[in-house]
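Close look at the chain arrangement
This is what each chain is made of:
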Amino acid sequence: MNSYLAGFLLGLLIIAAYYISGEGLGSSGGYRDCVIATIHDVAPSYAEKNSFIAPRLQAGHSPSHTFLVYLLLGVIFGSIISAVLYGRLKWSIGKAPHITNKKRLYLALIGGILWGIGTQLGRGCTSGLVLSGMAVNSLSGYIGLVGIFGAGFVFAYIFKSIWIKTSKNKK
Amino acid sequence: MRRLDFWILSLLFIGGVVSIFLDDIKPLPHIIGQKELLHQINLEGRYISTDEVAKMIMEKDPSLLLVDVRSPEEYNKYTLEGAMNIPYDKIMDKEYEAYLNQDVYTTVLFSNGSSLADQAWLTLTSYGYEGNKVMKGGLNEWYRTILHPQKPEGTVLDREAEKRYLFRKGAQIYFTGAQITTESAPKPKAQPVKPVIKRKKKEVTGGCG
Amino acid sequence: MGPLFPQGLINEEYNLIFAFLIGIGFGYLLEAAGFTNTRKLAGVFYGYDATVIKVFFTAAVTALIGLFILHNMGWIDITLTFYPKTFWIPTLIGAVIMGLGFVIGGFCPGTSLSAASTGKIDALVFIGGVILGIAGFIFTYDFLWKELRMSGAMGKVDIAQWLGIREGLFIFLFTMLALASFYVFQLWQDSWQRKLSEEDKNELGL
């Protein structure tokens, strides 16, 4: 799909989300809520003592029954629909051709862990913190923007060999 | 550049230009506020007595923020010590929002009686501004209780009333520099000091992603 | 007048259903824009694929202008919507960590879910990593992260106010910045056209 069109529709979606629920789109929040719900189910007494989880527990209301979790459920279905329409639904590993699959999976794991920590510290991810934050003119959204993309460019230079064939890793 | 790209980018450009001419964001009066508003009106918690205000002033309580909602002329003639002036018709101005919509200070609104301050409180609360109180009875009550406290009547020993009277006598001395013996006091000079609030501190809780 | 849910104009069940529907749209757009492809996502940092910047900034500007105009027309009260409080220290540090995670992992949590749903195994591993990271954070929160996460509290700060300019003006400037960046990144992407092989171009959809 045309990038600008996709972006434009995404923007309209954010407006709709704010209009209906008063919340922006967010991804990391859904993960967090699921993790908290699981911890709460498995070890409720620990959950109540942990000062991160405790404020989010409400009596009679499962911590996973939030806007963000249902949003993520929708994302799963929406992605599948689009992939089917574009003929992209298949098992694969997405990577640059000059690194091994195993390496890619390790990198993915490390990257995921970093995001897990980063989103909780930064209170969001690119969609929740930055995109939705910028949509309401929040300073935190811009800090996130500068942080993620600024650091991204710097780290990209350092880790160039992962994505780009250089003379050193030409096979 | 393809047609679709052009249209979308132009739309964004026009939107950006249009935005220059639009107003800054101010809270809009919201419908649901009504129920909550009625609830808050009924709560006596929004009133603070002249005694309490006098106490906070004398103790130099740093969390007190006095707001005189009358006109500048009346404010300049006489006001409470340390009070700032935000005339009623300007209470929704953006520059005062930091004072009126925060939970760092205890904001006490006052006027001559109660009605103007009450009106101000009503307006602010219906817009979702929190943390504001009204000094019950206003400056009239202040005059009656603090500047010219009445000796408790009757012969029955009412300890509360006695204590209150003594407190008010002390307050009277503080605010008017009156001698212990005299009853009438010269009009005190107003020393309004505008508090400087750098940032409004909201309570810190977790956010969401 | 919006927002509906915070004012009790719709109840929670409907709110969650809408969340699901909006999620479908979100997932659809992510996949359609090609964000399930990690090479595409990482491409913005190297210049060979400008898709990320185009989608991201277009979405941000559209939502920004749209909400601002709607608020000025009285159709939505933005002050009632979720407004993040600014904690600049942990946000900045967290963002830097996320930037590193982006370059190494090639995903962000939203796109990884989208990718995993369409069969990308590395995305599944990525999601596993995110869950581990979050769990690890929670378990060590009380003694490692708590103070850091609450530091730098600034309350709800609006960037236009923080800069001292009118909001409308800020929006205009940001829109211009976005448009300029589209131009720059498009040029950068074009300069790669010669260097990319045919198969690369097909995979990236350029």
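Attention here is on the structure that accompanies the text. Every chain begins its residue count from 1, and numbering advances along the sequence as written. Chains carry letters from A onward and ligands carry numbers from 1 onward, assigned in written order. For this predicted model, a pLDDT threshold of at least 70 governs which residues receive local features, and a threshold of 80 or more governs which side-chain atom pairs are given and counted, while totals over whole chains, interfaces and linings are taken from all residues.

Once that is clear, we can look at the overall build of chain A. Counting its regular elements, chain A contains eight helices and zero strands. Taken from the N to the C terminus, the helices and strands of chain A come in the order α-α-α-α-α-α-α-α. For chain A, the residues scored as buried account for 57% of the 171 residues in total. The contact criterion used is a C-beta to C-beta distance within 7 Å, with each C-beta placed from the backbone. Considering only contacts within chain A whose residues lie at least 6 apart along the sequence, 50% involve residues at least 24 apart. Each helix is a run of H or I in the DSSP string that is no shorter than four residues. Each strand is a run of E no shorter than two, and both are numbered from the N terminus. We call a residue exposed when 12 or fewer other C-beta atoms sit within 10 Å of its C-beta, buried when the count reaches 20 or more, and partly exposed for counts in between; the C-beta positions come from the backbone.

A word on the overall build of chain C. Counting secondary structure elements, chain C contains ten helices and two strands. In chain C, the order of α-helices and β-strands from amino to carboxyl end is α-α-α-β-α-α-α-α-β-α-α-α. Each of the 206 residues in chain C was classed as buried or not, and the buried ones make up 59%. At a minimum sequence separation of 6, the contacts of chain C that also span at least 24 residues come to 68%.

Residue and element names in this part refer to chain B. By the criterion of burial, strand β4 (residues 106–110) is predominantly enclosed, with four of the five residues buried. Being paired, for any two strands, means DSSP has found at least two bridges between them. As paired strands, strand β2 (residues 64–68) and β4 are joined by five bridges and run parallel to one another. From the neighbouring strand, leucine 66 faces β4, where its bridge partner is valine 108. As defined by bridge partners, β4 adjoins strand β5 (residues 132–135) across three bridges and the pair is classed as parallel. For valine 108, the partnering residue across the bridge sits in β5 and is lysine 133.

Let us look at the interface of chain A and chain C. Residue-level contacts link 105 residues of chain A with 109 residues of chain C. For the side of chain A that touches chain C, the secondary-structure elements that each account for two or more residues are α1 (3–21), α2 (28–42), α4 (67–86), α5 (101–122), α6 (126–135) and α7 (139–158) of chain A.

Following the sequence through the fold, C:Ile131 ends up in helix α6 (residues 121–139). Classification of C:Ile131 as partly exposed rests on a count of 19 C-beta atoms within 10 Å. Each residue touching C:Ile131, except ones within four places of it in the same chain, is listed here: A:Tyr31, A:Val35 and A:Gly116.

Interface size, as often reported, equals the accessible area lost upon joining of the parts. Contact residues are listed per partner, giving nine residues for chain B and 17 residues for chain A. Residues are grouped as follows: Ala, Val, Leu, Ile, Met, Phe, Trp, Tyr, Cys and Pro are nonpolar; Asp, Glu, Lys and Arg are charged; every other residue, Gly included, is polar. Residues belonging to the side of chain B that touches chain A are distributed by class as follows: four nonpolar, four polar and one charged.

Turning to the nonpolar core, a few remarks are in order. Each nonpolar core comprises buried Ala, Val, Leu, Ile, Met, Phe, Trp, Tyr and Cys residues, the members being joined through C-beta atoms within 7 Å. Residues A:Ile14, A:Leu71, C:Ala60, C:Leu64 and C:Leu67 are the most contacted members of the largest nonpolar core, which totals 124 residues. At 13 residues, the largest contribution of residues to this core is made by helix α3 (residues 51–72) of chain C. What fixes the domain bounds is an automatic or database domain assignment. Looking at which domains feed residues into this core, each of domain 1 (1–90) and domain 2 (96–171) of chain A gives three or more. Dropping the residues within four chain positions of it, A:Leu71 is found in contact with A:Leu25, A:Gly30, C:Ala19, C:Ile22, C:Gly23 and C:Phe26.

Residue and element names in this part refer to chain B. Read across the sheet, five strands follow the order β1-β5-β4-β2-β3 without closing on themselves; strand pairing throughout is parallel. Sheet topology places β1 (47–48) and β3 (84–85) at the edges, where each strand pairs with a single neighbour. For helices, the fitted line uses only the C-alpha atoms of the stretch in contact; every axis is such a line through C-alpha atoms, and the angle between N-to-C directions lies from 0 to 180 degrees. Those strands touched by helix α6 (residues 115–126) are β4 and β5, and its axis lies near 170 degrees from that of β5.

A few words now on unusual backbone geometry. Non-glycine residue A:Arg123 carries a positive phi angle of around 65 degrees. You can see A:Arg123 is positioned in the loop between α5 and α6.

This part covers the packing of α3(C) against helix α9 (residues 167–192) of chain C. All names here are of chain C. Two elements in contact, α3 and α9, have axes separated by 10 Å at closest approach and are oriented at 160 degrees. In this view, α3 runs roughly antiparallel relative to α9, as classed from their interaxial angle. Regarding α3 and α9, the two cross each other, and that crossing is left-handed. Every residue of α9 that contacts α3 at Ile53, Lys54, Phe57, Val61, Leu64, Ile65 and Phe68 is listed here: Ile171, Phe174, Thr175, Ala178, Ser181, Phe182 and Phe185. Across the contact of α3 with α9, the residue classes tally to eleven nonpolar, two polar and one charged. When describing relative orientation, an angle under 35 degrees is termed roughly parallel and one over 145 degrees roughly antiparallel, while 65 to 115 degrees is termed roughly perpendicular and anything else oblique. By definition, turning the near helix anticlockwise from the far helix through less than a right angle yields a left-handed crossing, and turning it clockwise yields a right-handed one.

Let's shift gears to the pairing of β5(B). Residues and elements named next belong to chain B. Neither face of β5 is exposed, since Asn132 and Val134 on one face and Lys133 and Met135 on the opposite face are all buried. Here β1 pairs with β5 via two bridges, running parallel. By the bridge assignment for β5, tyrosine 47 is matched with valine 134. Clockwise travel from the first strand over the helix to the second, with the strands pointing away from the viewer, marks a crossover as right-handed. The handedness of the β4 to β5 crossover, carried by α6, is right-handed.

Closest axis-to-axis distance for the α1(A)/helix α1 (residues 3–20) of chain B pair is 9 Å, and the angle between their directions is 40 degrees. Once α1(A) is placed against α1(B), the crossing between them reads as left-handed. Listed contacts from α1(B) to A:Tyr4, A:Leu5 and A:Phe8 of α1(A) are B:Leu4, B:Asp5, B:Ile8 and B:Leu9. Looking at the contact of α1(A) with α1(B) residue by residue, the class counts come to six nonpolar, no polar and one charged.

Glancing now at helix α1 (residues 12–32) of chain C. Taking 1.5 Å per residue as the helical rise, α1(C) with its 21 residues ought to reach 30 Å, and the 30 Å between its terminal C-alpha atoms agrees with that figure. Residue C:Gly34 follows α1(C) closely and has a positive phi angle near 95 degrees. In this scheme, a helix's expected span is set at 1.5 Å multiplied by one less than its residue total.

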